[in-house]
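# Descriptive structure summary
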Amino acid sequence: MKAIPVLCLLACLAAPAVYASTPLKGLQFEQQKQQVMKDVKKTCTPSKNMSDNDFGNKILSNEDNKRHVQDATVALERNNQKYYWDAIGQIQCPDM
C-alpha cells in the first residue's frame, strides 16, 4: 500500500525532467544551426541583401548540400571538428 504513493511521487518528479529536455534540445538545435550557417558563410559569401533564411534555403536547395549540412550537424553534435570541417568544405556554393 505504501508503494503506490511512492510511485506517484516518483512519476511526478520524473515528468518535469522529460518536458524540460525538449526545450533544451530545441535550443541546442538552434545553436548548431547558427554555427553551421556561420561557417558556411565563411566559404560561400551571400549577397548583402540576402537574408539568412534565404541563404539557408539556397544552400539546401541542392541535395548534396543537404547531405553535407546533415553530416556537419552530426559531426558538431559528436564534437568531431575534422569531420565537421570536411563536411562544410564539401558544400557547393550556389549562384548568388
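Residues numbered from 1 in each chain as written. Predicted model: local features only at pLDDT ≥ 70, side-chain atom pairs only at ≥ 80, totals over all residues. Heavy atoms only, no water.

All right, on to the side chain of Asp-39 then. Here Asp-39 shows up in helix 1 (residues 3–43). On the basis of relative accessibility, which here comes to 1%, the residue Asp-39 falls in the buried class. With sequence-adjacent residues up to four places away left out, Asp-39 is seen in contact with Tyr-84, Trp-85 and Ile-88. (Helix = DSSP H or I, 4+ residues; strand = E, 2+ residues; numbered from the N terminus. Buried < 20%, exposed > 50% of the residue type's maximum accessible area, 1.4 Å probe, protein only. Contact = heavy atoms within 4.5 Å.)

Since the α-helix turns once every 3.6 residues, residues separated by three or four places project in the same direction. Between the first and last C-alpha of helix 3 (residues 63–77) there are 21 Å, a value that for 15 residues agrees with the 21 Å anticipated at 1.5 Å per step. For helix 3, the set of buried residues is Asn-65, His-68, Val-69, Ala-72, Thr-73, Ala-75 and Leu-76. Buried residues along helix 3 cover an arc of 165° about the axis, so they all sit on one side. The outward face of helix 3, more than 90 degrees from its buried face, is lined by the exposed residues Glu-63 and Gln-70. Taking the backbone nitrogen of Asp-64 as reference, a side-chain oxygen 2.7 Å away marks Asn-62 as the first, capping residue of helix 3. Directly after helix 3, the chain includes Asn-79, whose backbone phi takes a positive value near 60°. (Expected span 1.5 Å × (residues − 1). Arc of directions from axis to C-beta. Polar contact = N/O pair within 3.5 Å; in protein donor to acceptor, adjacent residues only side chain to side chain.)

What follows deals with unusual backbone geometry. The backbone of Asn-79 sits at a positive phi, close to 60°, despite the residue not being glycine. Residue classification places Asn-79 among the exposed positions, given a relative accessible area of 61%.

Let us now look at the packing of helix 3 against helix 4 (residues 81–89). Axis separation between helix 3 and helix 4 bottoms out at 8 Å; the angle between their running directions is 165°. Taken together, the axes of helix 3 and helix 4 are roughly antiparallel relative to one another. Seen along the crossing, helix 3 lies across helix 4 with a hand that is left-handed. On helix 4, the residues touching His-68, Asp-71, Ala-72, Ala-75 and Leu-76 of helix 3 are Tyr-83, Tyr-84, Ala-87 and Ile-88. Residue classes in the contact of helix 3 with helix 4 are distributed as seven nonpolar, one polar and one charged. (Axes fitted to C-alpha atoms, helices over the stretch in contact; angles between N-to-C directions. Parallel < 35°, antiparallel > 145°, perpendicular 65-115°, else oblique. Left-handed = near helix turned anticlockwise from the far one by under 90°. Nonpolar A, V, L, I, M, F, W, Y, C, P; charged D, E, K, R; others polar.)

The subject of this paragraph is the layout of surface pockets. Here the largest pocket is characterised by a volume of approximately 440 Å³. Elements represented by at least two residues in the lining of the largest pocket include exactly helix 1, helix 2 (52–60) and helix 3. The leading source of residues in the lining of the largest pocket is helix 1, at eight residues. (1 Å grid on protein atoms, 1.4 Å probe; cavity = no way out; pocket = protein on both sides within 12 Å on 5 of 7 lines; lining within 4 Å. Points joined across faces, edges and corners; volume = space filled by probe spheres on them.)

A few words now on helix 4. Looking at helix 4, one finds that the buried residues are Tyr-84, Ala-87 and Ile-88. The arc enclosing the buried residues of helix 4, seen along the axis, measures out at 100°, which places them on a common side. Of the exposed residues in helix 4, those oriented more than 90 degrees away from the buried face are Lys-82 and Gly-89.

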